[in-house]
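Chain by chain, the residues:
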Amino acid sequence: MSASASAVTAATGGQSLSLQEVTTYLRVGKELKPVILRVDLHIDPGEIVGLVGESGSGKSMTALTIGGVLPRGAVTEGRLLLDGENLLEMPRSRRREVQAKKIGFVFQDPRAYIDPLWRVGDHMTEAMRVHLGLSRSESRDRAIELLDAVGIDRPERRMHQFPDELSGGMLQRVMIAGALSVNPSVLLADEATTAVDVTTQAEIVKLLARLSAERGLSVLFITHDLALADIVCSRVCVMYAGRIVEVREGRQIFDDPIHPYTIDLLAARPTIQHRVARLPVIKGVPTSAMDAPSGCPFHPRCRFALDECRTGVPAMVPVRGGLARCFRAHEDLATLAREGSSASSTKGGDDAARS
Amino acid sequence: MSAVTGDVMVFERETQSRVAGGHLEGLFQRIVVVTSAVILLAILCCALFAPLLAPHNPNAIHLFDPYAPPSRHFLFGQDSAGRDILSRLIYGSRLSLLGPAIVVAIAFVLGVPLGFLAAYRGGLTDGLISRVFDVVFAFPPLLLAVVIVATFGASFITAVFAVAVTYIPLMGRVVRSAALVERSKPYVEECRLQGYGAWRILFVHMMPNIGRVLVSQTTLYFAYGLLDLSALSFLGLGAQPPQIDWGGMLENANQGVFQSPTGVIFPAVAIVLLVVSLNFIADWALDYESRKESRR
C-alpha cells in the first residue's frame, strides 16, 4: 500500500472550479439555442458537489462545457474559473491544454469510452506520455500505482488485458485511474455509477470520496440518483431545463426541499418506509433549455404556479441555508405538497378500493 | 407434460443439426481457404522464381508454330508468335502482381488520409475533398484510365498510375464513411477530452478500429486493379512488349482463339484464380478477426 500511497497523496495543490453565469448555446441550423443558462457553480478542492436532474436537463452539457469539448459551432458565455483563471478568456490552444491536463472525465459507460483495441496499460499510459512526456517505463510504473490505488488487484496483470476482458465495475475503476493519470485538479463524474450494480456503485462512490479527500480533487458528481448524490456530496445542485433551480448543503435537500421541482422529485421516489398504491409522478414532460417556455421553465408542471411564474424568470434567492430559483421559495411548499398529496393519495386509495 | 418433453426434444434436435451444419460449413470453408492460400503462394513463387521455373525463354519466337496446341515440349501450347504460353504465364505473374500492388499502395497512401481528413474536419474541408472525389467518380474508371494513358503514352507505369488515380476516391470515400461512424463513438470523444491531437486520434486510435474495412477494401481493390490493368493491357494500353502480363497475353491470343483456345484460357484462368483466391483469403481474415472479437 505504501507504493500506491505515494501516487495517491501526490497532492495537486488543490484548485477550485467556479462557473459564473455560464451559458452555452448549441448551433441548431442557423440559430443558437441555449442548453445551459446562467449556471453558477463552485467546487472547492477536496469537495464533491452533486449535479442532479432529469435527462436533457443540461447536466452533461455542463460537464462538456467545463471540459471544453462541445459540438461544432457551440458558444459559451460567462466566466469559467479554474483556480481564479478564466478559461474562456484564454487562447484556444492554451485553454485546450489546461482543460486536458487539469480536468479529468469519468463517464457512465467505460466500455464505450475506452478504445476497445487498446490494452488497459496502453490506455493508462497514453495521457502521461502525451501530456507529461513520461517515458514508457515511468508511465507504466505510475499506471500500476494508480490501478492499485483505485483498488484493482494484480494491476501488473491487468495492464496486459483488453477492456472486454474486464468487468464493468473494474473498467470503471480503470477509467477513474486513467482520468487521474495526469494529476488533474478537477474530476467530472458524469453518471459514473449509473451503469454498474449497486454494490459496485457503493464502492465506486467510496473510491471517489477517498480520492477527492486524499488528493484535494474538486469533484462534480453528475447523477439522476438523488439518494446517491445525498450520500456522496457535500452540496447538491438541482438542475431543470438548463438552469440550476436549487442548491443545498448536505442532507438539507432531503429533509427540507424548497423548489417545487425538488419536492416533486423527492415525492416520486419509492421509499422503504412507506408503501403507496401508486407512486406520484410529475405531470407533464421534462423540457430542455432549448424549448423551455417563457417565465419559470417549470411553471407548466408546477402545482404551485402563480401568474407571475408564467411571465418572469425567478432569481436565485437565499432560503433556509440554501438557494432556490422560485417566487414562492419562502413559503413552506413541501408541507403544502404533503397535505395536497395525502389528500389525493387517499382519494386514489378509494378509487383502487372501488375498482 | 408430454408436450414439454416434445418441445425439448425438438429443440435438442435443432441444436444438434445446427452444430453438425456448422461443422460441415467450417470444413468446407477450411478447404476453400487452404486452397486459396496454396494458389496465392504458388503465384507468388512463380513471380519470385520465374527464371528457375519457366521451361523456356518467354520471348523466344518460333514462327513456324503459331497457335500450336499443347505438346510435350510446350505444355500449355504456343501463342501467335510460337512463344511458350506456360513460360509467359510464369513471367507474366510478376507484372500482374506488381501492378495491382502499386495501384492499391497509391490508393491507400492518398485515399486513406484524404478520407480521414474529410471525415474528421468536416465542413469546408469535407466539402472540398468530397466534391473532388465526385468529379473523379463522374467518369467511368476505365474510361478515365484510357484518357490518362492516351495523354501520357502507353506503358505499364502510366497504366498503373492511371488506374491508381481512379481508385483514390474509391478508397477515400469508403474510409470517410467508416471514419464518420467511428468519429461519433464515445472513445473518440474521450480522446478529444484528453486533448490529443488530430493525428494521434486519427491514426493511432481510429485507424486500427476501422482496420477491418481497410483490409477488405484493400484486397477488393487489388482484385479490381488486376482486372482493370488487364483490361488496359488487353486494349494495348498497358504493358508493352517485351513486358509480359496476363492481360496483354489475352490481347495477343484473342485473334487466334479459334485455332488454339489455350492462349486465351490459361491467362484468363490465372486472373480468375488470383482474384477469387484473394477474395476468399480476405473474407477469411475478416471472419477470423470477428471470431476473435466475439470470443473475447
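Residues numbered from 1 in each chain as written. Chains lettered and ligands numbered in written order. Predicted model: local features only at pLDDT ≥ 70, side-chain atom pairs only at ≥ 80, totals over all residues.

### Quick word on the overall build of chain B
Part 1 of the reasoning: Each helix and strand in chain B was counted, giving eleven helices and zero strands.
Part 2 of the reasoning: Listing the helices and strands of chain B from first to last along the sequence gives α-α-α-α-α-α-α-α-α-α-α.
Part 3 of the reasoning: When burial is assessed residue by residue, chain B has 38% of its 296 residues classed as buried.
Part 4 of the reasoning: Taking all contacts inside chain B whose residues are at least 6 apart in sequence as the whole, residues at least 24 apart take part in 69%. (Helix = DSSP H or I, 4+ residues; strand = E, 2+ residues; numbered from the N terminus. Buried ≥ 20, exposed ≤ 12 C-beta atoms within 10 Å, placed from the backbone. Contact = placed C-beta atoms within 7 Å.)

### A word on the confidence of the model for chain A
All names here are of chain A.
Part 1 of the reasoning: Across chain A, the average pLDDT comes to 85, with 92% of residues at 70 or higher.
Part 2 of the reasoning: Counting contacts from residues 1–12, a segment whose pLDDT is below 50, to residues more than four positions away or on other chains yields 21 contacts.
Part 3 of the reasoning: With pLDDT under 50 throughout, residues 344–355 is counted as low confidence; its partners more than four residues away or in other chains account for five contacts. (pLDDT = per-residue confidence, 0-100.)

### Re the environment of Phe116(B)
All names here are of chain B.
Part 1 of the reasoning: Within the secondary structure, Phe116 is located in helix α3 (residues 85–121).
Part 2 of the reasoning: Phe116 sits in the buried class, given 26 other C-beta atoms within 10 Å.
Part 3 of the reasoning: Among residues more than four places away in sequence, those in contact with Phe116 are Val175, Ala179 and Leu202.

### Here's the deal with the nonpolar core
Part 1 of the reasoning: Ala189(A), Leu220(A) and Phe221(A) are the most contacted members of the largest nonpolar core, which totals 155 residues.
Part 2 of the reasoning: Residue contributions to this core peak at 16 residues, all from α3(B).
Part 3 of the reasoning: The two domains that each donate at least three residues to this core are domain 1 (2–15 + 45–64 + 91–238) and domain 2 (251–354) of chain A.
Part 4 of the reasoning: If we skip the residues at most four places from it in the chain, Leu220(A) touches Ile43(A), Val49(A), Leu51(A), Ala63(A), Leu188(A) and Ala189(A). (Core = buried A, V, L, I, M, F, W, Y, C linked by C-beta atoms within 7 Å. Domains from an automatic or database assignment.)

### Some remarks on the domain arrangement of chain A
Residues and elements named next belong to chain A.
Part 1 of the reasoning: Assigned domains of chain A: these are domain 1 (2–15 + 45–64 + 91–238) and domain 2 (251–354).
Part 2 of the reasoning: Look at where the C-alpha atoms of domain 1 and domain 2 centre, and you get two points 34 Å apart.
Part 3 of the reasoning: Among the secondary structure elements, those contributing two or more residues to the side of domain 1 that touches domain 2 are α10 (226–232) and β9 (235–240).
Part 4 of the reasoning: When its residues are assigned to classes, the side of domain 1 that touches domain 2 shows three nonpolar, three polar and two charged. (Nonpolar A, V, L, I, M, F, W, Y, C, P; charged D, E, K, R; others polar.)

### A short note on the pairing of strand β3 (residues 48–52) of chain A
The side chains of a regular strand alternate between both faces of the sheet.
Residues and elements named next belong to chain A.
Part 1 of the reasoning: Across the five residues that make up β3, a large majority, five, are buried.
Part 2 of the reasoning: In terms of strand pairing, β3 meets strand β8 (residues 218–223) through five bridges, oriented parallel. Directly across from Ile48, in β8, lies its bridge partner Val219. (Pairing = 2+ DSSP bridges.)

### A short note on the interface of chain B and chain A
Part 1 of the reasoning: The interface is formed by 15 residues belonging to chain B together with 20 residues belonging to chain A.
Part 2 of the reasoning: Put simply, the parts of the chain that give the side of chain B that touches chain A at least two residues each are α7 (186–193) and α8 (198–209) of chain B.
Part 3 of the reasoning: Residue classes in the side of chain B that touches chain A are distributed as five nonpolar, five polar and five charged.

### Here we look at the pairing of strand β2 (residues 31–43) of chain A
Residue and element names in this part refer to chain A.
Part 1 of the reasoning: Here strand β1 (residues 17–28) runs beside β2; their pairing, made up of nine bridges, is antiparallel. The partner of Arg27 across the bridge, within β2, is Leu32.
Part 2 of the reasoning: The hairpin formed by β1 and β2 contains two residues between the paired strands, and Gly29 there has a positive phi angle of roughly 65 degrees.

### Focus: the sheet that holds strand β5 (residues 85–86) of chain A
Through backbone hydrogen bonds, the strands of a sheet pair up, either in parallel or in antiparallel fashion.
Residues and elements named next belong to chain A.
Part 1 of the reasoning: Across the sheet, four strands lie side by side as β2-β1-β4-β5; this open sheet has antiparallel pairing. The two strands at the open ends of the sheet, each matched to only one other strand, are β2 and β5.
Part 2 of the reasoning: Contacts from helix α2 (residues 59–67) reach β1, β2 and β4 (75–82), with the element oriented near 80 degrees to β2. (Axes fitted to C-alpha atoms, helices over the stretch in contact; angles between N-to-C directions.)

### Let's talk about the packing of helix α6 (residues 156–183) of chain B against helix α9 (residues 211–234) of chain B
Any two packed helices are characterised by the angle at which their axes cross and by the distance between the axes.
Residues and elements named next belong to chain B.
Part 1 of the reasoning: It is at 10 Å that the axes of α6 and α9 come closest, and there the two elements cross at 155 degrees. The orientation of α6 relative to α9 falls into the category roughly antiparallel. Like other packed secondary-structure pairs, α6 and α9 cross with a definite hand, here right-handed. Contacts between α6 and α9 involve Ala159, Val160, Val163, Tyr167, Leu170, Met171, Val174 and Ala178 from the former and Val213, Gln217, Tyr221, Gly225, Asp228, Leu229 and Leu232 from the latter.
Part 2 of the reasoning: For the contact of α6 with α9, the residue count by class is twelve nonpolar, two polar and one charged. (Parallel < 35°, antiparallel > 145°, perpendicular 65-115°, else oblique. Left-handed = near helix turned anticlockwise from the far one by under 90°.)

### As for the packing of helix α5 (residues 141–152) of chain B against α9(B)
All names here are of chain B.
Part 1 of the reasoning: Where α5 meets α9, the closest approach of the two axes is 11 Å, and the angle between their N-to-C directions is 50 degrees. Considered as vectors, α5 and α9 are oriented oblique to each other. By crossing handedness, the relation of α5 to α9 is classed as right-handed. Contacts between α5 and α9 involve Pro141, Leu142, Ala145 and Val149 from the first element and Asp228, Ala231 and Leu232 from the second.
Part 2 of the reasoning: Here the contact of α5 with α9 is composed, by residue class, of six nonpolar, no polar and one charged.

### Notes on unusual backbone geometry
All names here are of chain A.
Part 1 of the reasoning: For Asp83, which is not glycine, the phi dihedral falls at a positive 55 degrees.
Part 2 of the reasoning: Secondary-structure assignment places Asp83 in the loop between β4 and β5.
Part 3 of the reasoning: Assessed through the 16 C-beta atoms surrounding it within 10 Å, Asp83 is described here as partly exposed.
Part 4 of the reasoning: The residue Glu191 is not glycine, and still its phi comes out positive at about 50 degrees.
Part 5 of the reasoning: Structurally, Glu191 is set in the loop between β7 (186–190) and α9 (198–215).
Part 6 of the reasoning: Judged by C-beta crowding, with 19 C-beta atoms within 10 Å, Glu191 ranks as partly exposed.

### Brief notes about the sheet that holds β7(A)
Residue and element names in this part refer to chain A.
Part 1 of the reasoning: With mixed pairing, the eight strands of this open sheet are ordered in space as β6-β7-β8-β3-β9-β10-β12-β11. Edge positions in the sheet fall to β6 (103–106) and β11 (317–319), since each of these pairs with one other strand and no more. Shown here is a sheet whose adjacent strand axes are inclined to one another by a mean of 25 degrees, direction ignored.
Part 2 of the reasoning: Strand direction decides the pairing type here: β11 and strand β12 (residues 322–324), joined by three bridges, are antiparallel. Its bridge partner lying in β12, Val319 is registered against Gly322.
Part 3 of the reasoning: Against the sheet, helix α8 (residues 168–180) engages β6 and β7, with an angle of about 170 degrees to β6.

### Quick notes on α9(A)
Residues and elements named next belong to chain A.
Part 1 of the reasoning: Across its 18 residues, α9 extends 25 Å between first and last C-alpha, which sits within 8% of the 26 Å expected from 1.5 Å per residue.
Part 2 of the reasoning: Within α9, the full set of buried residues consists of Ile204, Val205, Leu208, Leu211, Ser212 and Arg215. Down the axis, α9 shows its buried residues gathered within 130 degrees of arc, on one side only. Opposite the packed face of α9, turned more than 90 degrees from it, sit the exposed residues Val198 and Thr199.
Part 3 of the reasoning: Looking one or two residues beyond α9, the residue adopting positive phi is Gly216, at roughly 65 degrees. (Expected span 1.5 Å × (residues − 1). Arc of directions from axis to C-beta.)

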